[in-house]
Amino acid sequence: MPVAVVASLAAGVCFAVAGVLQQWAAGTRPDEETLSWRLLAHLVRDRWWRYGIGLAVLAYGFQSLALAYGPLSLVQPLIVAELIFAVPLSARLHHMALGPREWFGTLAVAAGLALALASARPHGGRTGAADPLSWLLILGATGALVCCSLAAARWVSGPWRASATALAAGAVMGTQSVLLAATVDRFRHGILTALASWQPYALVVASVGGLLLIQSAFQQGPLAASMTVLDATEPVVAVTVGMAVFGEAVHTGWPVSAVTVTGLAVVTAGIVSLDSSPLVAALHDRRFGGGGAAG
């Protein structure tokens, strides 16, 4: 168990720095590259962005190590601690300090999400139990959420725009996590079985699409507006999809459900506090430090 705790926290730190570096690079790109493959084409030539991707890969390694020694209900809440490192570090890079409102928002999202995940403790389910209709409904619902989020991003401005795009990214990445689990299950039955199924190909599409959405969210606003929503949406969507497709269950009843709902309410309050913060708005207006991420 100590290995799981240390590895989870190490993953959180790596994810935090990776997010800061990616947003530092993406924030310098012009608005017309939003949701365009040109954005990724330019970012891949930026050394700071590549460092961020490398740290993200290292973080996934730490996360895998943590999951080998501890349950998901322990690992995921600890990894959420990345917000406590990422948001202050991002503000520091832009020569600004978080005030009480920004600290409240950051800690509220991290603590609320950790509380909700720890109380719900998703468990059980069988990856091979999913039927085609369940997959169709879930993928359709995910697509609808992504479209609505991106439509909302066109009608709002400032940090809210980054949050709306991050909501779409979180929905895609949450579904991607479930597709990854399904793909791993297919490979257990042999490589030919895996290649003959649609899930591995959908996984590739979701991974690439999610990457573009994440970088677009990073480009559109400060890290406090994008990473908080992304971190909140991804596990919620993953748990919801896992319940619908694989038959996973969460702990319910009094007082567990009340704690879970309270945690999600705290997350929402934290996101609203950050998105309406004058300091976060100022970070957005400064275009994230100009050309600090030269290739």
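What this report covers is the structure whose coordinates are included nearby.

### As for unusual backbone geometry
Despite not being glycine, leucine 35 has its phi angle at roughly 60 degrees, a positive value. Position of leucine 35 among the secondary structure elements: in the loop between helix H1 (2-26) and helix H2 (37-43). For leucine 35, a relative accessible area of 38% corresponds to the partly exposed category.

### Some details on the layout of surface pockets
There is about 1,500 Å³ of room inside the largest pocket. As for the largest pocket, its lining consists of 46 residues, and the residues nearest its centre are Tyr60, Gln63, Gln176, Ser177 and Glu234. Among the secondary structure elements, those contributing two or more residues to the lining of the largest pocket are H1, helix H3 (47-69), helix H4 (72-79), helix H6 (100-120), helix H8 (159-188), helix H10 (199-220) and helix H11 (223-246). Counting residues per element, the lining of the largest pocket draws most heavily on H11, which supplies nine residues. Considering only residue class, the lining of the largest pocket consists of 28 nonpolar, 14 polar and four charged.

### Details of the environment of serine 277
Mapped onto the secondary structure, serine 277 falls in the loop between helix H12 (256-275) and helix H13 (278-285). Considered as a pair, serine 277 and glutamate 102 are 175 residues apart in the sequence and their alpha carbons are 7.0 Å apart. In contact with serine 277, not counting residues within four places along its chain, are Arg101 and Glu102.

### Re the packing of aromatic side chains
This model, assessed by the stated rule, comprises three aromatic pairs. Each ring, one from tryptophan 48 and one from tyrosine 51, has its centre 5.5 Å from the other, and the planes form 90 degrees; the classification is edge-to-face. Note that tryptophan 48 and tyrosine 51 are positioned in helix H3 at a spacing of three residues, about one turn of the helix. You can call tyrosine 51 partly exposed: its relative accessible area is 44%. Both rings, one in tryptophan 135 and one in tryptophan 198, keep their centres 5.1 Å apart while their planes meet at 90 degrees; by these two values the pair is edge-to-face. With tryptophan 135 in helix H7 (residues 132-155) and tryptophan 198 in the loop between helix H9 (191-195) and H10, this residue pair connects regions lying 63 residues apart in the sequence. A relative accessible area of 37% places tryptophan 198 in the partly exposed class.

### Quick notes on a nonpolar patch on the surface
Residues Phe187, Ile191, Leu192, Leu195 and Tyr201 make up a contiguous nonpolar surface patch of about 540 Å² in total accessible area. Looking at the nonpolar patch, the element that brings in the most residues is H9, giving three residues. Along the chain, leucine 192 turns up in helix H9. Exposure remark for leucine 192: the relative accessible area of 68% places this residue in the exposed category.

### Examining the environment of aspartate 231
When you line up the elements, aspartate 231 lands in helix H11. Residue contacts for aspartate 231: discarding those within four places in its chain leaves Glu82, Leu83 and Leu113.

### Details of the packing of H8 against H11
Each pair of packed helices can be described by the angle between their axes along with the distance between the axes. As a packed pair, H8 and H11 sit with axes 7 Å apart at the nearest point and diverge in direction by 35 degrees. The interaxial crossing formed by H8 with H11 has right-handed handedness. For the contact of H8 with H11, the class distribution of residues is 17 nonpolar, eight polar and one charged.

### So, H11
Helix length check: H11, at 24 residues, gives a terminal C-alpha distance of 33 Å against a target of 34 Å (1.5 Å per residue), a fit within 8%. The element H11 is extensively covered by neighbouring structure, given that 19 of its 24 residues are classed as buried. Positive backbone phi, at 75 degrees, marks glycine 247, one or two positions downstream of H11.

### Some points on the pattern of salt bridges
For the coordinates displayed, the defined rule picks out two salt bridges. Residues arginine 186 and aspartate 185 are paired through a salt bridge, measuring 3.4 Å at the closest nitrogen-oxygen approach. For arginine 186, a relative accessible area of 17% gives the class buried. Judged by relative accessible area, which is 11%, aspartate 185 ranks as buried.

### With respect to the side chain of serine 197
Relative to the helices and strands, serine 197 is located in the loop between H9 and H10. A distance of 2.7 Å separates the side chain of serine 197 from the backbone oxygen of alanine 194, its partner in a polar contact.

Quick notes on the rules
- Residues numbered from 1 in each chain as written.
- Predicted model: local features only at pLDDT ≥ 70, side-chain atom pairs only at ≥ 80, totals over all residues.
- Heavy atoms only, no water.
- Helix = DSSP H or I, 4+ residues; strand = E, 2+ residues; numbered from the N terminus.
- Buried < 20%, exposed > 50% of the residue type's maximum accessible area, 1.4 Å probe, protein only.
- 1 Å grid on protein atoms, 1.4 Å probe; cavity = no way out; pocket = protein on both sides within 12 Å on 5 of 7 lines; lining within 4 Å.
- Points joined across faces, edges and corners; volume = space filled by probe spheres on them.
- Nonpolar A, V, L, I, M, F, W, Y, C, P; charged D, E, K, R; others polar.
- Contact = heavy atoms within 4.5 Å.
- Phe/Tyr/Trp six-rings, centres within 6.5 Å; stacked < 30°, edge-to-face > 60°.
- Patch = residues over 30% accessible without salt bridge, like charges linked within 9 Å, V, L, I, M, F, W, Y side chains within 5 Å.
- Areas by Shrake-Rupley, 256 points an atom, 1.4 Å probe, with all protein chains shown as cover.
- Salt bridge = Lys/Arg side-chain N within 4 Å of Asp/Glu carboxyl O.
- Axes fitted to C-alpha atoms, helices over the stretch in contact; angles between N-to-C directions.
- Left-handed = near helix turned anticlockwise from the far one by under 90°.
- Expected span 1.5 Å × (residues − 1).
- Polar contact = N/O pair within 3.5 Å; in protein donor to acceptor, adjacent residues only side chain to side chain.

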